[in-house]
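Breakdown of the fold
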Amino acid sequence: MNYSTPFYSDNELRVRIQENYLIDEDIAVENLLAHFSEQSSQLNINIKNTAIELVETIRKTDQKLAGIDSFLKEYKLSSEEGIALMCLAEALLRIPDADSSDSLIKDKLKDKDWASHIGKSDSLFVNASSWGLLLTGKFVGLNKNVNDNPKDYISKLVTKTGEPVLRKAMMTAMQIMGKQFVLAESIEDGVKESNTKNLRKYLYSYDMLGEAARTAKDADNYFNAYMHAIHVIGKSTVKDNPFDSAGISIKLSALHPRYEFNQEKRVMSELLPLIIELCEAAVKYNIGLTIDAEESERLEPSLTILESLCREPKLKDWNGLGFVVQAYQKRAPAVLDWIESLAQKHKRRIMIRLVKGAYWDSEIKKAQTEGLSDYPVYTQKFTTDVAYLRCVDKLLSNQQVFYPLFATHNAHTVAYVLNKAPTDATYEFQCLHGMGEVLYDQIVRKYKKPVRIYAPVGEHKDLLAYLVRRLLENGANNSFVNRLVDKSLSIDVLIENPITKLADTKHKRHPNILKPAAMFDDRVNSSGLNLADARDIENLYQYMRVNESASWDLANASGASFKIQNPATADVIGSYNSYTPSEIESAILSAQLAFVEWDSKGGKARAEILEKAAELYEDNRSELIQICMLEAGKTILDADSEVREAVDFLRYYAQQAIQHFETKTVLPGPTGEKNEYYMAGRGIFVCISPWNFPLAIFTGQLSAALAAGNCVLAKPAEQTPIIATKAVELLYEAGVPTNVLQLLLGSGAEVGGALTEHPDISGVTFTGSTATAKRILQNVISGDGPIIPFIAETGGLNAMIADSSTLIEQLVDDCVSSAFQSAGQRCSA
């Protein structure tokens, strides 16, 4: 195996970035506040006065809100109508068939109060949209009497959704909505639009609409679109300075389908040459090319690519190289420190677009599902605002290496920049197309500062992911864009100093967003490796290098000997002996003798043992991962997930043991009376687990049985006895008696058959094929003893239903990155 850690660097500043990846938020906040501890009160007054002036001008001006600003004001995401519109816009444009479109419209528009929005906005666009959503009687042939109560339109409407005119009206409405976010559908039209008379005051950075590539063909299409756009932009540019010219933003994940942390070799050998080629084209026209920010796990590859571009001789004298930094990531200041050092080393001035970040929701959820130690982002909105200001100070402190591009729609943030920047500083502001224009018109006219619009270009059918991020980002209740024109909010509240707010707040992290480990009320969430952190990977690889040649010979029985092979390489990694019939009988007798004492321990005592086992699993994570990889052919990702699922099982059933086996349970008697019982175990359970989840399902079966007070005879798959042996050793170390839990190795036909047909067995759990389950069932019901529980999970089939409204990229991700990616399963379409 190749134990080379992806994107590993011992550079002190790169290490500092890694150290701040998941730094405890309380510590990160302390670091932020320490920076502002000596900020002068006069500066704060100046910033406040500027912010007040900006907001007052916006509120006093006769200029109407731009389309999407007014739309978000009227249809807030806190309203049912706002949510319905987002869901509708999210899917309608890509549905190819009429029936699905009709069903979606019917589902999202019914029972919503569209009438209440009519006439509430100063925007013709919003009022027209509201009327269109209401769809008056003449659109659908309603009776004129309905006009007496406009709210009745919707109830009539949903019975008539098959009419083509309705579908056409809604498609048109969604396209109008998309137009507010997308500058044009082609780069030629985008350049033409930006050069119209009313837009000449702004600079532009064009973004070719689309998300990450899933195939090589996708990547080729994106590369060609970027290259074509560079030529179109370059030929239309009259300036010869990238700071004064239009530019382009590129998404690295769009240029390669495997732009991932663990694919360093392919990223650097296949993707980097493509980026250099695009940069060379930008150099030809001396325009700017900015690398967009993406999810947190892609930052390290992006930094390595930036470093390669900085030392590329072909790009030596070009100042158009740009990079996006997300202030909501706790490592942002460390990233800027590293870029500053990089630029100094290569004598460059790098354009840095500073954003707050657009993946907050997914970053939080991902950290929870992966059991990370903390979040890569701040959990409080105002903390992100403070972090942004901290980065502003870094960018303004070294004009030799940084050309700052401040992307924000927040008046206080703008005021901060205007007051902190030295008089001779060169920088620009940036805003999103269709948003914040009422704010930035002032910046251009009064403050004479350059403003660049980040302008998506592309077909409306590709709008989805960008649209959702923008709606979530700017339609949220705490969004400045959303609150700006809400005159019920005082200006003081609107332009509140986030530094003061952060310093005064009791909760430095959001009180309702606990650390991933604490997300469950009744148990600790399992911890996981951060597989986008070189330090975590390097620590794992150090263990694996030392134990690479380990061999496991499991001589705990006297039957036939079998070799254990790595399914990926066919290398022999150990051997084991099968249990003989007499050894099986001895194991059953031993378990019978142990049952009463184990059952009488009670749920709490058994729970403590299972909790201890969970800790030991996590302490021995590296060994468990390596065995899963060698014995079951799993990837690091799947092996780590296997350990985490096993730990979750142990902790979950520990809680179940306390809940059901420590206190009395009230059950109704035959005549209705209430009787109290202490629930008890049944006796001996046989647990038969599969090869494709050799630790998780193995542990889940036996931990449930142990928690309930049963003794367990565990029969793992004959292909994966090593991981089962290690798991049992850890359970013994945690306190499970050796005669309460016994591991019986061997074939399913011989050992499994002997166990499941034995009259002294009290229950069977099995995961595997349906055919094997049927054979076990026959064994269970044909014996001389009583009928016993048989718990089976069979077939190995998962169903996924995807209709024409499905986002193809998401569908592919759900299939490829499901729990079955290395478990011998197939995805059929």
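Scroll up to find the structure.
The following refers to the structure shown. (Residues numbered from 1 in each chain as written. Predicted model: local features only at pLDDT ≥ 70, side-chain atom pairs only at ≥ 80, totals over all residues. Heavy atoms only, no water.)

**What to know about the overall build of the protein**
Check the secondary structure of the protein and you find 33 helices and 18 strands. The buried share among the 829 residues of the protein stands at 55%. Accessible surface computed for the protein: about 36,300 Å², of which carbon and sulfur atoms make up 50%. (Helix = DSSP H or I, 4+ residues; strand = E, 2+ residues; numbered from the N terminus. Buried < 20%, exposed > 50% of the residue type's maximum accessible area, 1.4 Å probe, protein only. Areas by Shrake-Rupley, 256 points an atom, 1.4 Å probe, with all protein chains shown as cover.)

**Observations regarding the pairing of strand E18 (residues 790–794)**
With 5 bridges connecting them, strand E17 (residues 763–768) and E18 associate as parallel partners. Bridging across to E18, Thr 767 finds its partner in Glu 793. Viewed along the sheet, the connection from E17 through helix H32 (residues 770–782) into E18 turns out right-handed. (Pairing = 2+ DSSP bridges. Right-handed = clockwise from strand over helix to strand, strands pointing away.)

**A short note on the sheet that holds strand E11 (residues 572–577)**
One open sheet accounts for 3 strands, arranged E9-E11-E10; its pairing is mixed. For this open sheet the edge positions go to strand E9 (552–554) and strand E10 (561–565), each flanked by a neighbour on one side alone. Across the sheet, the mean angle from the axis of one strand to that of its neighbour is 20°, orientation sign disregarded. Here 3 bridges tie E9 to E11, and the two strands are oriented parallel to one another. Following the sheet pairing, Asp 553 is matched in E11 by Ser 575. (Axes fitted to C-alpha atoms, helices over the stretch in contact; angles between N-to-C directions.)

**A closer look at the pairing of strand E5 (residues 350–355)**
Two faces make up the sheet, and in a regular strand the side chains alternate between them. The element E5 is extensively covered by neighbouring structure, given that 6 of its 6 residues are classed as buried. Alternating positions in E5 separate into two faces, Ile 350, Ile 352 and Leu 354 on one and Met 351, Arg 353 and Val 355 on the other, with burial throughout. Judged from the 5 bridges that link them, strand E4 (residues 321–326) and E5 form a sheet pairing that is parallel. Paired with Val 324 across the bridge in E5 is Arg 353. In this fold, the crossover linking E4 to E5 by way of helix H15 (residues 332–345) has right-handed handedness.

**Considerations on the packing of aromatic side chains**
The final tally for this structure, using the stated rule, is 11 aromatic pairs. Ring centres 5.4 Å apart and planes at 25° place the aromatic pair Phe 562 and Tyr 576 in the stacked group. Remark: Tyr 576 occurs in strand E11 and Phe 562 occurs in strand E10; sequence separation between them is 14 residues. Tyr 576 sits in the buried class, given a relative accessible area of 3%. Centre to centre, the rings of Tyr 652 and Tyr 653 are 5.0 Å apart; their planes meet at 75°, and the pair counts as edge-to-face. In this structure Tyr 653 comes out as partly exposed when scored by relative accessible area, which is 23%. Aromatic rings pair up to connect Phe 406, Tyr 427, Phe 429 and Tyr 440 into one cluster. Looking at Arg 331, its charged tip hangs above the ring of Tyr 21, at a distance of 3.7 Å from the centre. Geometry around Tyr 388 places Lys 356 over its ring, the cationic atom sitting 5.3 Å from the centre. (Phe/Tyr/Trp six-rings, centres within 6.5 Å; stacked < 30°, edge-to-face > 60°. Lys NZ or Arg CZ within 6 Å of the ring centre and 35° of its normal.)

**As for a negative patch on the surface**
Residues Glu 185, Glu 188, Asp 189 and Glu 193 make up a contiguous surface patch of negative charge. Assignment of secondary structure puts Glu 185 in the loop between helix H10 (164–179) and helix H11 (187–194). For Glu 185, a relative accessible area of 46% puts it in the partly exposed group. (Patch = residues over 30% accessible without salt bridge, like charges linked within 9 Å, V, L, I, M, F, W, Y side chains within 5 Å. Salt bridge = Lys/Arg side-chain N within 4 Å of Asp/Glu carboxyl O. Lys, Arg positive; Asp, Glu negative; His and termini not counted. Charge placed at Lys NZ, Arg CZ, Asp CG, Glu CD.)

**Observations regarding empty space enclosed by the protein**
As enumerated under the stated definition, the model contains 8 cavities of 30 Å³ or more in all. One number sums up the size of the largest cavity: a volume of about 130 Å³. What lines the largest cavity is a set of 16 residues, among which Ala 293, Leu 299, Val 324, Gln 326 and Gln 329 lie closest to the centre. Contributions of two or more residues to the lining of the largest cavity are made by helix H14 (299–310), E4 and H15. Tallying contributions element by element places E4 first for the lining of the largest cavity, with 4 residues. Tallied by class, residues from the lining of the largest cavity come to 8 nonpolar, 3 polar and 5 charged. (1 Å grid on protein atoms, 1.4 Å probe; cavity = no way out; pocket = protein on both sides within 12 Å on 5 of 7 lines; lining within 4 Å. Points joined across faces, edges and corners; volume = space filled by probe spheres on them. Nonpolar A, V, L, I, M, F, W, Y, C, P; charged D, E, K, R; others polar.)

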